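Structure assessment
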Amino acid sequence: MLNAFVRFALTQRLFISVLLSIALLMGFLAWKNMPIDAFPDISATQVNLIIKAPGMTAEEIEAQITRPIETELLGIPNQAILRSTTKYSITSITLDFTERTDIYWARQQVSERLQNLWGALPEGISGGMAPMSTPLSEMFMFTVENPQLSLQQRKHLLDWQIRPALRTVPGVADVNVLGGQTKTIQFAPDLSRLRQAGISLDQIEASLAMSNLNGAVGRMDVGTESMIIRTEGRMHQLEDVAGLIISNGNSIYRLSDLGQLSSGQLTRYGGVTKDGAETTQGLVVALKDSNTAEVVAAVREKLAQIQATLPEGTNINIFYDRKDLIDTAVGTISSALFQAIFLVAVILALFLGNFRASLVVAASIPISVIFTFYLMRQFGLTANLMSLGGLVIAIGLLVDSAVVVVENTVTALQKDKSLPKLHLIYRATGDIVKPVFAGTLIVIVVFIPLLTLTGLEGKLFTPVALTIVFALLSALLTAITVMPVLASWVITQKRSKPPKYLNKLQQVYQRSLQRTLLAPRWFVAIISLVFIASLVLFTFIGKTFMPVLNEGDIIIQLEKVPTINLQSSLELDKEIEKHLLAEIPEIEQIVARTGSDELGLDPMGLNETDIFLTLKPMNEWRFKDKDKLIDAMRDILLQYPGINFAFTQPIQMRSAEMLTGSSGTVAIKVFGEDTSVLAQLAEQISNQVKAIEGSVDVQMTLIDGGDYISISLQNELAEQYGLSNQQLAKLLRIQVDGEPFSYIIDGKIKTPIYWAYDSDQGERPTSVAELEGLPLLLPDNRLVTLADIATVKRTVGPAIIERENGERFSVVAANVQDRDLVGFVEEIRLKVDQNLTMPEGYFITYGGEFENQLRATRNLLTVIPLVLLLIVIILFSTFGSLMTAGLILANIPFALMGGVLALFISGEYLSVPASVGFIALLGIAILNGVVLLSHLQDTRFRSSELLNGVLVGSGDRLRPILMTATTAVFGLLPLVLATGPGAEIQKPLAIVVIGGLFTSTLITLYLLPLLYYRIESRTTS
């Protein structure tokens, strides 16, 4: 069958050429239209609920909202994990589904259950499902700067001009607005006037609701025209509201007579600062599965259009653009890809010594790469750090099949000139097409374990494996169809001598091989010692999940005391920003967001701040690397006692939160019911973690610390005055936080009308005593103070309640520096088990990146034996001998020892990328073994003397084996030397393969001929 492919290609060369041209065009178009991103989509199918409950404490929200919703959601099929975070006035509930669950089906299921339950939830709550995005959808952030505009005016621009325009951009799920001040119309009722007038607050609300609307009447025919009739009452400005008429049955009053009307602002639950001054921020959230690069480009274009319509002096300051990371990361890998292609082409020319043959083989690289782009596009892969990295890994393997085909063709053409050229090419290709096919198939099978990975590691490395498989299939098809056709046109039958250095190298190799075959003791002893040494060194190599991708930007997460108010929190942020800017010249700008955002996608407390640091180019730094820069910042933050802090990066932060619900490389969760016990256990664990070498940025959830003022209505008086708890809460909200009761519409701008505190009574209450003296107008028109009808006292409670699958938990998060992740977690486990006694009903789980590493290792160790069995079957079907298959597999352990030695010497950890390197090394070692042993068998039958046959056969295959190894080494060398963002992910893989190729090539050239010689000698005897 394979020979039929070759025969068809050579007899239909014009057709193959046309077909090749069409395929190349399709591949090029696929590359041009391929979505580009920094990473594959690593997010799970996720639905997020944001429920806002103004004025409710965390415990109240948990009991009345979070628990009922969780109970309802737990019945949905295909769910993986259910998490919730409940704080003052807000709860965020996140439901992750299993792989390949349709997002629209998932949202429908959640929507139906939420709708069924909504009527039973407390009144006054708002919210629902968040936009259809992922934790990594925050891909574009900017601030609005204009010193001539107030914070309220800047936020007004964002709310009503910039945000609506950006939401029209395809791929944008929403635009989150943070910071600034939202304009309101505030009515502060004069309770004394209301009492005198005999008008209640409910009457004002009802009058405004009935008056502030337009009524539909119908149509009326006027001559030949049909006129629409309506009543107009909709209010458009402050003066309209002030003129509202209210009657008590005897007299009429204007609303302005009963209190004070003014422009004001909403109570803020968050703020944004830039370089030590307050500002406003816009955050563009992309839709799930959107093309990030295209969305960002469209957003930039839309902002450029908007710029001309903004007030003079307004500047859109972009401080985070995901496309910057995409360009640098993909640029790093793309540069490595082109460097690899160039180096491989040079190596081919040096080894083949035939310019025409080198040209033919080199042509296989771009052809295979373009074919690969077409297959990637058809299977929905994006061009990202991982998929392009897989292509770089494959570059050294792409030419293997073409090298064998072209080299055999050149040899055949030069040995026999009596037969037609096409016939010689057909015979030369047909002779080796079976082992070439078997070798490529084996390498493809070797990468199957990567396709079995699940979770985050599966999403990261499945594109790597698929890209390599596509590249190898493209290279195989090119080798058996395109290469013979190109060879028939380009390569002549003119005899060309191989380079002299190759002849010399071949002679040296054959002499050394002969000595090894006749006296193998020293060789066997040396490789045995090296193998044992590699096994010992392997135990000293640390284990981690993946190297940290340098995203370029830094985020500092701050956590202050839970009771801090917004203004104090912002002032501390400003002070820290100014200090960092003064001491760290590497910082270009700082933007910090404190508290909750407007959509509630990131419901932080007033004590929590994310500081985004935009850095200058590295050539302007005083430090050699980012870790040293972070250490300098850490020294500054340590000067501020009482705050917890951690360093992370935008994608790294969201990935960690997606995995464990908290930031940090390692997350230790304590599950139980009592929040006080959880807080105590978390503090004990935190102290244990801080004492472990390598731990940095240790943070624990500040559960306790919620300081509340509890107001208990006296039942007898409540009955007497006809006052309920709900009515009392509303009366108090009016004078403390404000309460919305209507709105006005002016064009596209909607301004809420709020009840507000009467400033004529003095400042807002700032103590329990002042709160007790607060005047209240009761439903029966009686004016009393709060102390007359209720008991007021200070209490404490949880500031935050986190839950997972229906269980409360507290979490201790930490980052790891200068040591391996798995060893770090193992030491934590040991210390916690030794020093912590868990109460009944409480338990600990360990989460974070190390979970992915352990799961990946477990999956690979399960699948690789099955893959080896499949490889044995392929080898047996190719050679018809289990002994030969065993000889080739015997090459594997000795090949892997080079990878182990390279990891140890370089100081890299055994990570998932390094494991992928070992898998690639496995395939290359087997491929070289197939190439050598298949030729040794052919030579054995043509030679009367075994020793001479082994020497001649091994010498014949020296060049292709060295070419395979050298092209693979130089194909990966750019990844080892690369320094840009993204290089750190692929570097361990490249180091393993390059190190392993040295020992693999040595074992293939010496150990395999030795074993073959020994076995054949015994068989002959």
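To keep things clear, this report deals only with the structure shown in the data block. Counting of residues starts from 1 at the beginning of each chain's written sequence and follows it residue by residue. The predicted origin of the model limits local features to residues at a pLDDT of at least 70 and limits the giving and counting of side-chain atom pairs to 80 or more, whereas totals for whole chains, interfaces and linings rest on all residues. As a convention, hydrogens and water are excluded, and side-chain values are obtained from all of the structure's heavy atoms.

**What to know about the pattern of salt bridges**
Stated formally: Basic side-chain nitrogens of Lys or Arg form a salt bridge, by our definition, when they fall within 4 Å of a carboxyl oxygen of Asp or Glu. We count a stretch as a helix when DSSP gives it H or I for four or more residues in a row; a strand needs E for two or more, and each element gets its number in order from the N terminus. We call a residue buried when its accessible area falls under 20% of the maximum for its residue type, exposed when it is over 50%, and partly exposed in between, using a 1.4 Å probe and counting protein chains only.
Going through the model one piece at a time under the given rule, you end up with 28 salt bridges. For Glu-571, the salt bridge goes to Lys-574, with nearest N and O atoms at 3.3 Å. In this pair, Glu-571 and Lys-574 are both assigned in helix H18 (residues 566-583), 3 residues apart and thus about one turn of the helix distant. Taking the relative accessible area as the measure of exposure, Glu-571 reaches 39% and is therefore partly exposed. When its relative accessible area of 14% is taken as the criterion, Lys-574 is described as buried. In this structure, Asp-631 and Arg-634 form a salt bridge, with 2.9 Å as the shortest nitrogen-oxygen distance. Linking Asp-631 with Arg-634, this pair stays in helix H19 (residues 626-637), spanning 3 residues, or about one helical turn. Owing to a relative accessible area of 26%, Asp-631 belongs among the partly exposed residues under this scheme. Taken together, the salt bridges that share partners define one network made up of Glu-62, Arg-67, Glu-70, Glu-673, Arg-803 and Arg-808.

**Thoughts on the sheet that holds strand S23 (residues 739-746)**
Cut-off, in case you're wondering: Each pair of strands is called paired provided DSSP finds at least two bridges between the two strands. Every axis in this analysis is a line fitted to C-alpha atoms, fitted for helices over the stretch in contact. Angles between the N-to-C directions lie between 0 and 180 degrees.
The 4 strands lie next to each other as S12-S7-S24-S23, forming an open sheet whose pairing is mixed. Of all strands in the sheet, those with a lone pairing partner are strand S12 (259-265) and S23, marking the two edges. Looking at each pair of strands side by side, their axes are set apart by 25° on average, direction ignored. Sheet topology note: the strand S7 (residues 183-189)/strand S24 (residues 749-755) ladder contains 3 bridges and is parallel. Its bridge partner lying in S24, Gln-186 is registered against Tyr-754.

**Looking at helix H26 (residues 821-835)**
Note the threshold: To estimate how far a helix should reach, multiply one less than its number of residues by 1.5 Å. By the convention used here, residues are in contact when the closest approach between their heavy atoms is within 4.5 Å. Each polar contact in these results corresponds to two N or O atoms within 3.5 Å; when the atoms are within protein, one needs to be able to donate a hydrogen and the other to accept it, and residues that are neighboring in sequence are counted only if both atoms are side-chain atoms.
Under the 1.5 Å per step criterion, the end-to-end length of H26 is 21 Å for 15 residues, consistent within 8% with the ideal 21 Å. When we look at burial in H26, the residues that qualify are Leu-821, Val-822, Gly-823, Phe-824, Val-825, Ile-828 and Val-832. Looking at the buried side of H26, the elements it contacts are strand S20 (666-671), helix H21 (675-690), strand S21 (695-700), strand S29 (807-816), strand S30 (843-848) and helix H27 (849-879). Where H26 starts, the residue carrying a side-chain oxygen 2.8 Å from the main-chain nitrogen of Gly-823 turns out to be Asp-820.

**With respect to unusual backbone geometry**
You will see that Ser-89, though not glycine, has its phi angle at about 75°, which is positive. Residue position: Ser-89 is located in the loop between strand S2 (79-87) and strand S3 (90-97). On the basis of relative accessibility, which here comes to 10%, the residue Ser-89 falls in the buried class. Backbone geometry places Asn-805, a non-glycine residue, at a positive phi of 50°. Judged by its relative accessible area of 41%, Asn-805 falls in the partly exposed class.

**Considering the nonpolar core**
Nonpolar side chains in soluble globular proteins tend to end up buried together. Note the following rule: Here, nonpolar core means buried Ala, Val, Leu, Ile, Met, Phe, Trp, Tyr and Cys residues that are tied together by side-chain atoms lying within 4.5 Å of each other.
Ranked by internal contacts, the top residues of the largest apolar core, which has 158 residues, are Leu-460 and Phe-461. With 18 residues, helix H12 (residues 385-415) is the largest single contributor of residues to this core. Apart from the residues lying within four places of it in its own chain, the contact partners of Phe-461 are Met-386, Leu-450, Leu-453, Met-546, Val-912, Pro-913 and Val-916. One finds Ile-199, Tyr-721, Leu-732 and Ile-789 within the second-largest nonpolar core, a separate group that totals 41 residues.

**Overview of the packing of aromatic side chains**
Both the distance between ring centres and the angle between the ring planes are used here to describe each pair of aromatic rings. What counts here: Stacked, edge-to-face and tilted labels apply to pairs of Phe, Tyr and Trp rings (six-membered ring for Trp) whose centres lie within 6.5 Å, assigned for plane angles under 30 degrees, over 60, and everything in between, in that order.
Across all of its chains, the model carries 14 aromatic pairs by this definition. Taken together, a centroid distance of 6.0 Å and an interplanar angle of 80° make the contact between Phe-8 and Phe-15 edge-to-face. Phe-15 sits in the partly exposed class, given a relative accessible area of 44%. Relative to Trp-755, the ring of Phe-741 lies with its centre 4.3 Å away and its plane at 25°, an arrangement referred to as stacked. Of the two residues, Phe-741 is situated in strand S23 and Trp-755 in strand S24; the sequence distance between them amounts to 14 residues. Across the pair, exposure class does not vary: Phe-741 and Trp-755 are buried alike.

**Re the environment of Leu-875**
As for its placement among the helices and strands, Leu-875 is situated in helix H27. Placed 440 residues apart in sequence, Leu-875 and Pro-435 show a C-alpha to C-alpha distance of 9.3 Å. Beyond its immediate sequence surroundings of up to four residues, Leu-875 is in contact with Ile-442, Gly-880, Ala-885, Ile-888, Leu-889 and Val-930.

**Focus on the environment of Gly-439**
Mapped onto the elements of the fold, Gly-439 is located in helix H13 (residues 421-446). The class for Gly-439 is buried, based on a relative accessible area of 0%. Taking the C-alpha atoms as reference, Gly-439 lies 8.9 Å from Ile-924; in sequence the two are 485 residues apart.

**Digging into the pairing of strand S1 (residues 46-52)**
Extensive coverage of S1 is indicated by the burial of 6 of its 7 residues. By the bridge criterion, 7 bridges tie S1 to S3 in an arrangement that is antiparallel. By the bridge assignment for S3, Val-47 is matched with Leu-95. Pairing of S1 with strand S4 (residues 126-129), which is carried by 4 bridges, proceeds in the antiparallel orientation. The residue bridging Leu-49 from the neighbouring strand is Met-129, located in S4.

**A few points about a nonpolar patch on the surface**
Heads up, the condition is: Exposure above 30% relative accessible area and the absence of a salt bridge qualify a residue for a patch, where like charges join within 9 Å and nonpolar side chains (Val, Leu, Ile, Met, Phe, Trp, Tyr) within 5 Å. Where accessible areas are quoted, they stem from the Shrake-Rupley method and a 1.4 Å probe; at the residue level, only the protein chains shown are allowed to cover.
Among the surface-exposed residues, Ile-448, Leu-451, Leu-869, Leu-870 and Ile-873 lie close enough to one another that they form a single nonpolar patch of about 410 Å² accessible area. The set of elements that each furnish at least two residues to the nonpolar patch consists of helix H14 (448-451) and H27. With 3 residues, H27 is the largest single contributor of residues to the nonpolar patch. Relative to the elements of secondary structure, Leu-870 occurs in helix H27. The class for Leu-870 is partly exposed, based on a relative accessible area of 35%.

**Let's talk about empty space enclosed by the protein**
Vacant regions in the atomic arrangement are exposed by a probe of water-molecule size rolled over the atoms. Stated precisely, the cut-off is as follows: Using protein atoms alone on a 1 Å grid, points that fit a 1.4 Å probe yet trap it form a cavity, whereas open point sets bounded by protein on both sides within 12 Å along at least five of seven lines form a pocket; residues with an atom within 4 Å of a point count as lining. Grid points are joined across faces, edges and corners, and a volume is the space filled by probe spheres set on the points. The classification used treats Ala, Val, Leu, Ile, Met, Phe, Trp, Tyr, Cys and Pro as nonpolar, Asp, Glu, Lys and Arg as charged, and all other residues, Gly among them, as polar.
Across all of its chains, the model carries 6 cavities of 30 Å³ or more by this definition. Approximately 420 Å³ is the volume attributed to the largest cavity. As for the largest cavity, its lining consists of 31 residues, of which Ile-651, Gln-652, Ser-655, Ala-656 and Glu-849 are closest to the centre. Every element with two or more residues in the lining of the largest cavity is listed here: helix H15 (455-490), strand S19 (644-648), helix H20 (650-660), S21 and S29. With 6 residues, the single largest contributor to the lining of the largest cavity is H20. Along the lines of polarity and charge, the residues of the lining of the largest cavity split into 16 nonpolar, 12 polar and 3 charged.

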